[in-house]
Amino acid sequence: MTPLDRVPDPRPVPSGTGLTLEDALPAPVSGARRPRLTRTVAETRAALRELSAAAEGHDDGPVTVGLVPTMGALHGGHAALVRQARQENDVVAVSIFVNPLQFGDPADLEHYPRTLEADLDLLAAAGADVVFAPEVQEMYPGHPDAPIVTVSAGRMGEVLEGASRPGHFDGVVTVVAKLWNIVRPAVPALRSYFGQKDAQQLAILRRLAHDLDVDVDVRAVPIVRSPEGLALSSRNTRLDAAGLGHALVLSRALRRLRDAAEAGEMLDVQEARRMVEDEPGVTLDHLVVVDRATLEELGPELLCQPLRREALALVAAHVPPVRLIDNMVLPPAVGAP
Ligand code: PAF
């Protein structure tokens, strides 16, 4: 096997839990061409202009570019985003940038895994054309004294995950607004891909596009799960075999709610919370049912009857040494007005 036959494994997966290496990695590269690596805004725009012009006239519709923002340390969940972008667009761009604005704890930022070589192999296999991997000074000239003007996620950024990570979502919307502004002028039409796993981030970014009239189509990509149901996350690789087993309670509890919603039954959120609380090695942070678009929590009066519109069950819990999140969409009852 040559080094290119297999993406190197930067984050080994603990054994004995049904999670395999394939859950964390994409398919073998088998000679896929590496994407073009750009380091500056100017290089990125030039590459996207060139690739968009080359794609002109390839098929009927207008040329579209799919952008997948990431912070690197890529796994199978990211590969799914890139593959969907590949299927739906003429040109696929991925950004890899560990955004200091969204980290509260400097130690977290410092220890965030940086695995560019492995990421480029994964992106080659998934079909990316351009990878924009800027230094901090390219994105925020003058950092840490800049940027002075930032974007606020407002009240949607203060609840749920935002309550545990003050300022996190302001950092996310600021960097994503910049990425869209970097790419959009260089391409005829822009779609941007985010995982449903980070449901709050997704809802806030949809709001960013809507509230600031950004000309971008925000697309959600379904959660990728292990065969047992654990949502893929780079954090899973820090769990030992026992932790990986305990963590499965999150998707079990969410599934209980989804099954009830599908059956048009009342949603027993207390019972779902108890399931998580009773699991050894797991400390529940929150388990709530919220409106999918506004993230406002549904009160008991809405939970004790069949759902009228789509909702979202969200859970966050500590499974030492990590904090995990997961969610499931709850469909409205069949025939609901
Ligand atoms: O989800 C992430 O990896 C990050 O929050 C994002 C969207 C790339 C912004 O830095």
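Reading guide: rules and limits
- Residues numbered from 1 in each chain as written.
- Predicted model: local features only at pLDDT ≥ 70, side-chain atom pairs only at ≥ 80, totals over all residues.
- Heavy atoms only, no water.
- Axes fitted to C-alpha atoms, helices over the stretch in contact; angles between N-to-C directions.
- Helix = DSSP H or I, 4+ residues; strand = E, 2+ residues; numbered from the N terminus.
- Parallel < 35°, antiparallel > 145°, perpendicular 65-115°, else oblique.
- Left-handed = near helix turned anticlockwise from the far one by under 90°.
- Contact = heavy atoms within 4.5 Å.
- Nonpolar A, V, L, I, M, F, W, Y, C, P; charged D, E, K, R; others polar.
- Phe/Tyr/Trp six-rings, centres within 6.5 Å; stacked < 30°, edge-to-face > 60°.
- Buried < 20%, exposed > 50% of the residue type's maximum accessible area, 1.4 Å probe, protein only.
- Near = heavy atom within 4 Å.
- Areas by Shrake-Rupley, 256 points an atom, 1.4 Å probe, with all protein chains shown as cover.
- Salt bridge = Lys/Arg side-chain N within 4 Å of Asp/Glu carboxyl O.
- Pairing = 2+ DSSP bridges.
- Right-handed = clockwise from strand over helix to strand, strands pointing away.
- UniProt positions renumbered as here; feature names shortened; annotations may be inferred.
- Polar contact = N/O pair within 3.5 Å; in protein donor to acceptor, adjacent residues only side chain to side chain.

A.B. asks: It is not clear to me how the packing of helix α10 (residues 241-262) against helix α11 (residues 269-277) should be interpreted in this structure. Could you clarify?
C.D. replies: Packed helix pairs are characterised by how far apart their axes lie and by the angle those axes make with each other. Where α10 contacts α11, the axes come no closer than 9 Å and their chain directions differ by 165 degrees. By the angle class used here, α10 and α11 are roughly antiparallel. Handedness of the α10/α11 crossing: right-handed. Between α10 and α11, the residues in contact are V249, L250, R252, A253, R256 and L257 and V269, E271, A272, M275 and V276, respectively. Taken together, the residues that form the contact of α10 with α11 break down as 8 nonpolar, no polar and 3 charged.

A.B. asks: For this particular structure, what's the right way to read the packing of aromatic side chains?
C.D. replies: Both the distance between ring centres and the angle between the ring planes are used here to describe each pair of aromatic rings. Here the structure, examined in full by the defined rule, presents 3 aromatic pairs. Geometrically, the ring pair formed by W180 and F194 is edge-to-face, given 6.4 Å between the ring centres and 70 degrees between the ring planes. You can see W180 sitting in helix α8 (residues 168-183) and its partner F194 sitting in strand β5 (residues 190-195), a full 14 residues away along the chain. With respect to burial, W180 and F194 carry one shared label: buried.

A.B. asks: Please explain the packing of helix α3 (residues 76-88) against helix α5 (residues 116-126) as it appears in this structure.
C.D. replies: Interaxial distance between α3 and α5 falls to 9 Å at its minimum, and their mutual angle equals 35 degrees. For the pair α3 and α5, the crossing hand works out as right-handed. Between α3 and α5, the residues in contact are A79, V82, R83 and R86 and L122, L123 and A126, respectively. Here the contact of α3 with α5 is composed, by residue class, of 5 nonpolar, no polar and 2 charged.

A.B. asks: Explain the site of the ligand here, please?
C.D. replies: Close to the ligand lie P69, T70, M71, Q102, V172, V175, F194 and Q201, which account for all nearby residues. In isolation the ligand exposes 290 Å². Once the protein is present, 87% of that is buried. Its residues assigned to classes, the shell around the ligand comprises 5 nonpolar, 3 polar and no charged.

A.B. asks: Explanation requested: the pattern of salt bridges in the structure shown.
C.D. replies: Oppositely charged side chains may form a pair once their charged atoms are brought near each other. Under the definition given, this model contains 17 salt bridges. Of the charged contacts, one joins R258 and E262 as a salt bridge, the two residues approaching to 3.9 Å between their closest N and O atoms. Here the residue R258 and the residue E262 both occupy positions in helix α10, the gap between them amounting to 4 residues, near one helical turn. One salt bridge in this structure joins E310 and R292, with 2.6 Å as the shortest N-O distance. Of this pair, E310 sits in the loop between α12 (300-303) and β8 (311-319) while R292 sits in the loop between β7 (283-291) and α12, placing them 18 residues apart in sequence. Of the residues examined, E310 reaches a relative accessible area of 36% and is grouped as partly exposed.

A.B. asks: Help me out: how do you make sense of the sheet that holds strand β2 (residues 65-70) in this one?
C.D. replies: Within a beta sheet, neighbouring strands are joined by backbone hydrogen bonds and run either parallel or antiparallel to one another. Spatial ordering of the open sheet is given by β1-β4-β3-β2-β5-β6, a layout of 6 strands whose pairing is parallel. On the outer flanks of this sheet lie β1 (36-38) and β6 (217-221), each paired with one strand and no other. Strand-to-strand twist of the sheet, defined as the mean angle between neighbouring strand axes without regard to direction, takes the value 25 degrees. As paired strands, β2 and strand β3 (residues 91-96) are joined by 6 bridges and run parallel to one another. Considered in β3, the bridge of L67 is made with A93. Along the sheet, α3 contacts β2, β3, β5 and β6; its crossing angle with β5, the most-contacted strand, is approximately 155 degrees. Across the face of the sheet, helix α9 (residues 199-211) comes into contact with β5 and β6 while running at roughly 170 degrees to β6.

A.B. asks: Just checking my understanding: could you explain the pairing of β3 for this structure?
C.D. replies: Regular strands show a simple pattern: their side chains alternate between the two faces of the sheet. Of all the 6 residues making up β3, 6 are buried; the element is thus mostly covered by neighbouring parts of the structure. Of the two faces of β3, the one holding V91, A93 and S95 and the one holding V92, V94 and I96 are both buried throughout. At this point the chain moves from β2, through α3, to the parallel β3, and the crossover so formed is right-handed. Here β3 pairs with strand β4 (residues 130-132) via 3 bridges, running parallel. Within β4, the position partnered with V94 by the bridge is V131.

A.B. asks: What should I look at first to understand the UniProt feature "binding site: beta-alanine" (unreviewed entry) in the protein in this one?
C.D. replies: Under the present numbering, the feature "binding site: beta-alanine" (unreviewed entry) in UniProt falls on Q102. Here Q102 is to be found in the loop between β3 and α4 (106-111). We classify Q102 as buried; its relative accessible area is 10%. Not counting residues up to four positions away in its chain, the partners in contact with Q102 are M71, R165, H168, G171, V172 and V175. In this structure the side chain of Q102 is engaged in a polar contact, spanning 2.9 Å, whose partner is the side chain of N99.

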